[in-house]
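# Structure assessment
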Protein chains: 2
Amino acid sequence: MTLVDRANQVALARLLAAEPVLVNVRPAREVLPGLAERRLYHAGPPVPWERMCGPMRGAVIGALVYEGWAKDHGDAEALAGAGGIAYAPCHHVGAVGPMAGIISPSMDVFVVENRAHGNRAYATLNEGLGRALRYGANDETVIRRLVWMREVLAPALRVALGRLEEGIDLRALIAQALQMGDEVHNRNRAGTSLFFRAIARPMLQSGFPTEKVAEVFDFIAGNDHFFLNLSMAAAKAGLDAAHGVGGSSLVTAMARNGVEVGIRVSGLGDRWFTGPAAVPEGLFFPGYGPADANPDIGDSAITETAGLGGFAMAAAPAIVQFVGGRAEDAVRATLEMYEITLGEHGHYRIPALGFRGTPVGIDIRKVVETGTLPLINTGIAHRAPGIGQVGAGIVRPPMACFTEALAALAAARGAPA
Amino acid sequence: MTLVDRANQVALARLLAAEPVLVNVRPAREVLPGLAERRLYHAGPPVPWERMCGPMRGAVIGALVYEGWAKDHGDAEALAGAGGIAYAPCHHVGAVGPMAGIISPSMDVFVVENRAHGNRAYATLNEGLGRALRYGANDETVIRRLVWMREVLAPALRVALGRLEEGIDLRALIAQALQMGDEVHNRNRAGTSLFFRAIARPMLQSGFPTEKVAEVFDFIAGNDHFFLNLSMAAAKAGLDAAHGVGGSSLVTAMARNGVEVGIRVSGLGDRWFTGPAAVPEGLFFPGYGPADANPDIGDSAITETAGLGGFAMAAAPAIVQFVGGRAEDAVRATLEMYEITLGEHGHYRIPALGFRGTPVGIDIRKVVETGTLPLINTGIAHRAPGIGQVGAGIVRPPMACFTEALAALAAARGAPA
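Just so we're clear, the structure is a prediction, and the values are computed from it rather than from any experiment.

### Overview of the domain arrangement of chain A
All names here are of chain A.
- Domain assignment breaks chain A into domain 1 (17-230) and domain 2 (244-412).
- Here the C-alpha centroids of domain 1 and domain 2 sit 21 Å apart.
- The interface is formed by 41 residues belonging to domain 1 together with 54 residues belonging to domain 2.
- Where domain 1 abuts domain 2, roughly 3500 Å² becomes buried across the two surfaces, and 62% of that area is made up of carbon and sulfur atoms.
- Where domain 1 packs against domain 2, one counts zero salt bridges.
- Scanning the region where domain 1 abuts domain 2 turns up 17 residue pairs in polar contact (both at pLDDT 80 or more).
- When residues of the side of domain 1 that touches domain 2 are traced back to their parent elements, those giving at least two are α3 (54-67), β4 (95-96) and α6 (170-178).
- A per-class count over the side of domain 1 that touches domain 2 returns 21 nonpolar, 14 polar and six charged.

Rendered as structure tokens:
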């Protein structure tokens, strides 16, 4: 067994041991550093305003209006590029956000504690379908919804969670959801239903007015993707625990900013290894097609990095109605991912594969050796700012991320310790 | 095409066209005939007290205490056999009940309307896990729960349903549940979760005190089998519409009283074709084994008769953890059932089989020709009265039901019209 193998054992064990528990919902400014100043966090590896893609720009503009830092969209666009706003990846502060992944100070985030390791991870609250900031839409409907989420949804969730002494065990919900046809990235109907079952009773007794609780019930029950941000935070909580093991070739993040895909590797510190983002292949909403699609965007590939999403597709054959392909492709996708992973998950199991654990722990060596790239289920954003989602599909990160990371790992080993 | 084929086309079309909608919850005495007198309905084909199995006797005794017709269990047992109580199958009044299937006048029943045909079907409300009347348990806990169901659960459901103008579309919930790992007989986690999502909001606004609504939330969310009785009533609503088509060899009911299995056939009127009930094979709870098991019991095989349950097992590979076997057995079970059925369901589809419709419409001719018997997922009751569930497994009805029915069909065709 090589030194890398031994380091990977340690990193993988930490990932598999993760016990992600939803413990709170807090305003981002209270739990993420740096939000006292005018700063936004975004999906993927670092990217300056000048290089941001359309949907991320759209989301930045919306966030500036939402925060009241700009009085309208034109004002916001001017401000966004004028140097007065700092931008940094969500991943740099233990957070993740789907699609554009914008987090501004007065948005609320889920607080997920990894009980096995003691670290915490954060994710925004899912806005629902249709026009949404994460897809780059930023009109009044979008801003109004963000305000309602801050004033009603987040406080109600916070009080309800406060009534649950043990929090909500996300590992248990994800394990169940995988037995109920979700892969918890692009299909979250079961996870959302189970979360609703868990939160309804404490929220009922939260003391909030019935009509506000009713609004929250409608919002959560009306959005089958609500659980996505929770599965993302759960995945991040486990992967951050596995990060920083010297010599390990295990991938601890895959993230896309709509221009580039970046990966981070456990033994290679905080460095991003990047390559150009591809356009996903999939199914488009009526009236849209591949020409409208922005290249791959969002932190949601953290689910695949943790052995979920595309890696757990065999658990979710019905997802092909959303991302395209046939039911047997879903099984094939999961089987392929065993070739590039270090282990099988002890809790996340796939009934259709005889309860085999999901493939987990991407090894950059195996990716380069086999030439098999990780498979990612993803939403597809329109490439122009202000429009929104146009479809859903499947995509793979560029090989360059993995070959460069592998070269860096070799260089690190050759270097004096 | 023979006359039988033509009749089967009509019967099958009615079954496939069913639109079961949950519209109300009412006391049985208000919607089922004959309950003004001292009468109980029970699962399966007719059976007098003298021939009833242990769990059905246990449930009868419990029901007599619950109704206040007997002051204690000894008194109830004496009364049960003294001729003062009339017994009749649930099926004779458009109703179904799981396991012992006892319905007494002051128990509430779901009212399910088949919007396509105009008929209605009924089923009791599921009592939950552990000691339950349907499994023959009848101690104070069981009776107290039945009283709570009458005083809190049923009124809350009634008012909540009253707020839903369109009722709850059970066909849509079942279709979704099949994409979420349920077969809606022995696995109902998804169906229950989806039902909870649908009922929580109107119940929140029912005007009931918060602590009562909280009790109901806990009760439904705490019992993954809650949806079973709804899937049973939905199945019954479709099959009753398909019943009574002259010459049809389509099975419209399979039901077990714990001693005998009986089937009814669309073209053969209200006659039951019976044979001895077998002991299910499956998994037993700790401390119990096959020697404790009562033979097959309950009306829940109405789900299989409608192309669900064992017929839809391929949709629910995780069920093998409950009923035994391996995930691939679940797929094999469904594939086998296509051999004895007349069609494939247009709404109930199985992702893992490329979204093929479930096998539906058992043809007694095909059963006899192929020698393949319908496969039924089932709970297993202890054979003694007063104990309860000891396991879950798989069972098949006796061939005698089908050969006798086929002989009767031939005789009917030979007879003058």
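On we go from here.
### Some words on the packing of aromatic side chains
- Taken as a whole and judged by the stated rule, the model has twelve aromatic pairs over all chains.
- Arranged with centres 6.1 Å apart and planes meeting at 90 degrees, the rings of phenylalanine 110 of chain A and phenylalanine 226 of chain A form a pair that is edge-to-face. Taken together, the positions of phenylalanine 110 of chain A in strand β5 (residues 108-114) and phenylalanine 226 of chain A in the loop between α8 (210-221) and α9 (228-242) put the pair 116 residues apart, joining distant regions of the chain. Considered together, phenylalanine 110 of chain A and phenylalanine 226 of chain A belong to a single accessibility category, that of buried residues.
- Connected via pairs of aromatic rings, a cluster forms that spans Phe110, Trp148, Phe195, Phe219 and Phe226 of chain A.
- Residue placement shows arginine 356 of chain A over the ring face of tyrosine 338 of chain A; its charged tip is 3.4 Å from the ring centre.
- Sitting above the plane of the tryptophan 49 of chain B ring, arginine 57 of chain B keeps its charged end 4.4 Å from the centroid.

### Section: the nonpolar core
- Counting residues in each nonpolar core, the largest one holds 201 residues, and the members touching the most others are Leu157 and Phe195 of chain A together with Leu157 and Phe195 of chain B.
- Ignoring anything within four residues of it in the chain, the contact list for leucine 157 of chain B reads Val25, Phe110, Leu125, Phe195, Ile199, Met203, Ile220 and Phe226 of chain B.

### Examining the sheet that holds β4 of chain A
All names here are of chain A.
- Taken together, the five strands give an open sheet; going across it, the order is β4-β6-β5-β1-β7, and neighbouring strands pair in mixed fashion. Strands at the two margins of the open sheet, each flanked by one partner only, are β4 and β7 (168-169).
- Bridge count for β4 against strand β6 (residues 120-124) is two bridges, and the pairing is parallel. The partner of valine 96 across the bridge, within β6, is alanine 123.
- Lying on the sheet, α9 is in contact with β1 (20-27), β4, β5 and β6; it crosses β5 at an angle near 45 degrees.

### Side note on the relation of the copies chain B and chain A
- Each copy of the sequence occupies a distinct position, and chain B is placed on chain A by a rotation of 180 degrees and an axial shift of 0.0 Å, giving an RMSD of 0.0 Å. Taken together, these values place the two copies in the relation of a two-fold axis. Minimal C-alpha separation from the rotation axis in chain B is found for methionine 180 of chain B, amounting to 2.1 Å.
- In this assembly the copies share their binding face: 94% of the residues contributing to the interface of chain B also contribute to that of chain A.

### Examining helix α7 (residues 189-204) of chain A
All names here are of chain A.
- With 16 residues, α7 extends 22 Å from end C-alpha to end C-alpha; this agrees with the ideal 22 Å at 1.5 Å per step.
- Where α7 bends most, the angle comes to about 30 degrees, and this point is alanine 198, followed within four residues by the proline proline 202.
- Extensive coverage of α7 is indicated by the burial of 13 of its 16 residues.

### Considerations on the packing of helix α5 (residues 140-162) of chain B against helix α8 (residues 210-221) of chain B
Residues and elements named next belong to chain B.
- Two elements in contact, α5 and α8, have axes separated by 10 Å at closest approach and are oriented at 105 degrees. Compared by their axis directions, α5 and α8 come out roughly perpendicular. In this structure, α5 contributes Arg145, Trp148, Met149, Val152, Leu153, Ala156 and Leu157 to the contact, and α8 contributes Lys212, Glu215, Val216, Phe219 and Ile220.
- Of the residues assigned to the contact of α5 with α8, the class counts are nine nonpolar, no polar and three charged.

### Comments concerning the sheet that holds strand β7 (residues 168-169) of chain B
Residue and element names in this part refer to chain B.
- Spatially, five strands are ordered β4-β6-β5-β1-β7 in an open sheet, and the strand pairing comes out mixed. Looking at the sheet topology across the chains shown, the edges are occupied by β4 (95-96) and β7.
- On top of the sheet, α5 reaches β1 (20-27), β5 (108-114) and β7; it is set at about 140 degrees to β1, its chief contact.
- Relative to β5, helix α9 (residues 228-242) is tilted by about 45 degrees, and along the sheet it contacts β1, β4, β5 and β6 (120-124).

### Focus: the pattern of salt bridges
- Counting across every chain of the model gives 46 salt bridges over all chains.
- One salt bridge connects arginine 365 of chain A with aspartate 5 of chain A, and the closest N-O pair in it is separated by 2.9 Å. In this pair, arginine 365 of chain A sits in helix α13 (residues 364-370) while aspartate 5 of chain A sits in helix α1 (residues 3-17), placing the two residues 360 residues apart along the sequence.
- For aspartate 5 of chain A, a relative accessible area of 25% puts it in the partly exposed group.
- Here aspartate 363 of chain B and arginine 365 of chain B are joined by a salt bridge, their closest N and O atoms 2.9 Å apart.

### Re the interface of chain B and chain A
- Every contact between the two is made by 35 residues of chain B and, on the other side, 33 residues of chain A.
- Of the roughly 2800 Å² buried between chain B and chain A, counting both surfaces, carbon and sulfur atoms make up 63%.
- Among the residues chain B hides against chain A, the three largest losses belong to Met180, Arg197 and Leu204 of chain B. Together they make up 25% of the total.
- Measuring nitrogen to oxygen at the nearest pair gives 2.3 Å for the salt bridge that ties aspartate 218 of chain B to arginine 201 of chain A.
- Elements supplying a minimum of two residues to the side of chain B that touches chain A: α7 (189-204), α8 and α11 (320-323) of chain B.
- Top contributing element to the side of chain B that touches chain A by residue count: α7 of chain B, with ten residues.

### Things to note about α5 of chain B
- If you check α5 of chain B, its first and last C-alpha atoms are 32 Å apart, about what 23 residues at 1.5 Å a residue would give, namely 33 Å.
- Along α5 of chain B, the largest kink reaches about 45 degrees and is centred on methionine 149 of chain B.

### Section: the packing of helix α3 (residues 54-67) of chain B against helix α4 (residues 73-81) of chain B
Residues and elements named next belong to chain B.
- Relative to each other, α3 and α4 sit at 110 degrees, their axes nearing to 9 Å. Considering the angle they form, α3 stands roughly perpendicular to α4. Here α3 and α4 pass one another in a crossing that is right-handed. From α3, Val60, Ile61, Leu64 and Val65 reach across to α4, where they touch His73, Ala76, Glu77, Leu79 and Ala80.
- Here the contact of α3 with α4 is built from residues that sort into seven nonpolar, one polar and one charged.

Procedures and definitions
Residues numbered from 1 in each chain as written. Chains lettered and ligands numbered in written order. Predicted model: local features only at pLDDT ≥ 70, side-chain atom pairs only at ≥ 80, totals over all residues. Heavy atoms only, no water. Domains from an automatic or database assignment. Contact = heavy atoms within 4.5 Å. Buried area = accessible area lost by both parts, 1.4 Å probe. Salt bridge = Lys/Arg side-chain N within 4 Å of Asp/Glu carboxyl O. Polar contact = N/O pair within 3.5 Å; in protein donor to acceptor, adjacent residues only side chain to side chain. Helix = DSSP H or I, 4+ residues; strand = E, 2+ residues; numbered from the N terminus. Nonpolar A, V, L, I, M, F, W, Y, C, P; charged D, E, K, R; others polar. Phe/Tyr/Trp six-rings, centres within 6.5 Å; stacked < 30°, edge-to-face > 60°. Buried < 20%, exposed > 50% of the residue type's maximum accessible area, 1.4 Å probe, protein only. Lys NZ or Arg CZ within 6 Å of the ring centre and 35° of its normal. Core = buried A, V, L, I, M, F, W, Y, C linked by side-chain atoms within 4.5 Å. Pairing = 2+ DSSP bridges. Axes fitted to C-alpha atoms, helices over the stretch in contact; angles between N-to-C directions. Least-squares fit on C-alpha atoms with pLDDT ≥ 70 in both. Expected span 1.5 Å × (residues − 1). Bend = angle between axes of the 7 residues up to and from the residue. Parallel < 35°, antiparallel > 145°, perpendicular 65-115°, else oblique. Left-handed = near helix turned anticlockwise from the far one by under 90°.

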